[in-house]
Amino acid sequence: YSQKTYGNAGLYSVAIARGAYRKAMELVERQIDLARAEKEKADLAFWMMERANVHLQYFKDAQAGKSAFVLAQEYEKSADQRFDFSKFFYYLNAGEFQKAREVSQGRIKVVSPENSLIVDAIEAYSSGNYGTAMERLLKIKTVGPFSQYYLALCYDAMNQSGTAITSLEDLRNNYSTY
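Rules used in this analysis
- Residues numbered from 1 in each chain as written.
- Predicted model: local features only at pLDDT ≥ 70, side-chain atom pairs only at ≥ 80, totals over all residues.
- Heavy atoms only, no water.
- Helix = DSSP H or I, 4+ residues; strand = E, 2+ residues; numbered from the N terminus.
- Buried < 20%, exposed > 50% of the residue type's maximum accessible area, 1.4 Å probe, protein only.
- Contact = heavy atoms within 4.5 Å.
- Phe/Tyr/Trp six-rings, centres within 6.5 Å; stacked < 30°, edge-to-face > 60°.
- Arc of directions from axis to C-beta.
- Axes fitted to C-alpha atoms, helices over the stretch in contact; angles between N-to-C directions.
- Parallel < 35°, antiparallel > 145°, perpendicular 65-115°, else oblique.
- Nonpolar A, V, L, I, M, F, W, Y, C, P; charged D, E, K, R; others polar.

Participant: For this particular structure, what's the right way to read the side chain of Lys87?
Facilitator: Here Lys87 is to be found in helix α5 (residues 81–94). With a relative accessible area of 10%, Lys87 lands in the buried category. Residues contacting Lys87, with those up to four places away along its chain left out, are Met49, Phe69, Gln73, Glu76 and Val103.

Participant: Looking at this model, I keep getting lost on the packing of aromatic side chains. Mind explaining?
Facilitator: Each pair of aromatic rings is reported with the distance of its centres and the angle of its planes. Within this structure, the stated rule accounts for ten aromatic pairs. Ring centres of Tyr21 and Tyr58 lie 4.4 Å apart, and the angle between their planes is 20°; on these two criteria the pair is classed as stacked. Here Tyr58 lies in helix α3 (residues 41–58) and Tyr21 lies in helix α2 (residues 21–38), a separation of 37 residues in the sequence. The class for Tyr58 is partly exposed, based on a relative accessible area of 23%. Between the aromatic rings of Phe88 and Phe89, the centroid separation amounts to 5.1 Å while the plane-to-plane angle is 75°, which identifies the pairing as edge-to-face.

Participant: Can you walk me through helix α8 (residues 130–139) in this structure?
Facilitator: Owing to its 3.6 residues per turn, the α-helix aligns residues three or four sequence positions apart on the same side. Taken as a whole, α8 has its buried residues at Ala133, Met134 and Leu137. Around the axis of α8, the buried residues are gathered within 100° of arc, so they sit on the same side. Turning to α8, the residues buried within the fold contact α7 (115–126) and α9 (145–157).

Participant: What exactly am I supposed to notice about the packing of helix α6 (residues 97–104) against α7 here?
Facilitator: If you want to describe how two helices pack, look at the angle between their axes and the distance between the axes. At a minimum axis separation of 9 Å, α6 and α7 run at an interaxial angle of 170°. Judged by the inter-axis angle, α6 sits roughly antiparallel to α7. Contacts between α6 and α7 involve Phe97, Ala100, Arg101 and Ser104 on the former and, on the latter, Asn115, Ser116, Val119, Asp120, Ile122, Glu123 and Ser126. Of the residues in the contact of α6 with α7, the class split is four nonpolar, four polar and three charged.

See below:
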């Protein structure tokens, strides 16, 4: 991978962390162009799936997210684990929990065996079962930004806003993309 590829990927993570979603989408589009120019099919597959995630998760545009998802699927044969992680989060954000479970049992299970807890937690949260969601999230040994964010939402939904705020402040101050 080129130095430019890594630099843009880092900027993308920072843009997401800061809530600069339009900038994040610009960086995704740059990564797609770069992957095409360098004929990096695995990179292209991953960034096409990230485009779907940005549309769905940050712009709340399900139709654009689905269209981007369909395009990304065309590159799945060339994909690596990054694509699978991105696909996992796409299904979570789309509320397609069974498909998220299926993806979590594939190539990414070795790297992140706790994804089934994340699926169970987000499904419980989406159903209004905040206590169950919190139980699942607290069982996760490797806490990341996604699970920590949902834990804060659970605290807030259970009228523990002080704990939710502390959790979000900790997330902001200790943000990591692993």
